[in-house]
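Chain by chain, the residues:
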Amino acid sequence: MLVLGIESSCDETGLALYDTSRGLLAHAVHSQIAMHEEYGGVVPELASRDHIRRLIPLLERVLAEAGAGRSDIDAIAYTAGPGLAGALLVGSGFAEALAFALTVPALPVHHLEGHMLSPLLSADPPRFPFIALLVSGGHTQLMRVAGVGAYELLGESLDDAAGEAFDKTAKLLGLGYPGGPALSVLAREGTPGRCKLPRPMLHSGDLDFSFSGLKTAVLTAVRARELSPSERADLAAEFQEAVTEVLVTKALAAVRQQGLDTLVVAGGVGANQRLRQRLDAGAQKARIRVHYPELELCTDNGAMIAFCGARRLQLGQRPEGGGAFAVRPRWPLAELACP
């Protein structure tokens, strides 16, 4: 079964072809970073219009790379939420129209489920059950994953997610968009510990997170006086240490509390090298395995959507059909059911 995956939840347009027998055949992503950089963040209307321009060229690109034609597509999976409403409508409308034209099923997919299952695309995939640390954009969650659709929420951010905190802190430090990667680069030049920042909820006794206070602590430090370049780098390094320490501590605690031995990390923040270093070191001590998606699959992409849709179709899920569709800008992952 050849499944076309379409991702358009925010500022990346991603398409991919996944074959249930041969694996991932092709995927392509267009990033809108250059367009939104001028505004210091994502402009939803511009994002939606750009998705419209990119979908057909990207479709032709992945078909050519896979050596396939439109008639070879057996099903289409698309991101229906969560995300920006307009951007989701573009991808969903395109997917449903193409599916109608090709007389193939179209399956709505949860964006975070795609991220969470993306490590299964690797050469050494994790086995169920496992703990998933989801650190994607506006979401920071710990989930117990027993199988596709079998998810139990163990903890989540009560305010700003880790990715949001990275972006907002980067802006406070005068860095460009996207802020998270820029802050990580600056942090390499600094020394953590020279300035002290809190580790929010590190010892709260639960698996929830809170990063808004950490962002406020950075704001206080920035407003106190004009920082030198080296002090800005030290502050970036300390911020990154604070976030990664909390994420690693809570993730390993979740694995231990659930009696499991496998941790999956997914989402854009999962590409952070310092987070990976600390997780690998902590996991080695705790004798657990950590699985990450390939770096190119950490950001939003069509491959994870195609794979997720293919797994659900293989397990028997069928779309309602009829060409009708609805997007869900807010869609709790815990509401998903097993196929």
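Residues numbered from 1 in each chain as written. Predicted model: local features only at pLDDT ≥ 70, side-chain atom pairs only at ≥ 80, totals over all residues. Heavy atoms only, no water.

Details of the overall build of the chain
And step 1. Along the backbone of the chain there are ten helices and ten strands.
And step 2. The globule rule puts the C-alpha radius of gyration for 339 residues at 20 Å, and the 20 Å found for the chain is close to it.
And step 3. Principal-axis analysis of the C-alpha atoms gives the chain an extent of 60 × 45 × 30 Å.
And step 4. For the chain, buried positions account for 52% of its 339 residues.
And step 5. Contacts in the chain between residues far apart in sequence, at least 24 positions, make up 70% of those at least 6 positions apart.
And step 6. Taken as a whole, the chain presents about 14,500 Å² of accessible surface, with 51% of it coming from carbon and sulfur.
And step 7. Seen as two clouds, the 31 positive and the 37 negative side-chain charges of the chain have centres 5 Å apart. (Helix = DSSP H or I, 4+ residues; strand = E, 2+ residues; numbered from the N terminus. Rg over C-alpha atoms; globule rule 2.2 N^0.38 Å. Buried < 20%, exposed > 50% of the residue type's maximum accessible area, 1.4 Å probe, protein only. Contact = heavy atoms within 4.5 Å. Areas by Shrake-Rupley, 256 points an atom, 1.4 Å probe, with all protein chains shown as cover. Lys, Arg positive; Asp, Glu negative; His and termini not counted. Charge placed at Lys NZ, Arg CZ, Asp CG, Glu CD.)

As for the pattern of salt bridges
And step 1. All chains considered together, the criterion is met by 17 salt bridges.
And step 2. Of the charged contacts in the structure, one is a salt bridge between Arg 274 and Glu 241, with a shortest N-O distance of 2.6 Å. Here the residue Arg 274 occupies a position in helix α9 (residues 273-286), and Glu 241 occupies one in helix α8 (residues 229-258), the gap between them amounting to 33 residues.
And step 3. Under the relative-accessibility criterion, Arg 274 is labelled partly exposed at 28%.
And step 4. Exposure remark for Glu 241: the relative accessible area of 12% places this residue in the buried category.
And step 5. The structure contains a network of salt bridges with shared partners spanning Asp 50, Arg 53 and Arg 54. (Salt bridge = Lys/Arg side-chain N within 4 Å of Asp/Glu carboxyl O.)

Quick word on the packing of aromatic side chains
And step 1. Summed over the entire model, instances satisfying the criterion amount to four aromatic pairs.
And step 2. Ring plane angle 85° and centroid distance 5.2 Å describe the contact between Tyr 18 and Phe 307, whose orientation is recorded as edge-to-face. Pair noted here: Tyr 18 is in strand β2 (residues 12-19) and Phe 307 is in helix α10 (residues 302-314), with a separation of 289 residues, a long-range link. This pair shows no difference in class: Tyr 18 is buried, exactly as Phe 307 is. (Phe/Tyr/Trp six-rings, centres within 6.5 Å; stacked < 30°, edge-to-face > 60°.)

Some points on the environment of Ala 337
And step 1. By the secondary structure assignment, Ala 337 is in the segment after α10.
And step 2. Residue Ala 337 is classed as partly exposed on the basis of its relative accessible area of 48%.
And step 3. On a C-alpha basis, the gap between Ala 337 and Val 43 in space is 33 Å, while along the polypeptide they are 294 residues apart.
And step 4. Not counting chain neighbours up to four residues away, the residues in contact with Ala 337 comprise Gly 149 and Arg 312.

Nothing here speaks to function; it is all geometry.
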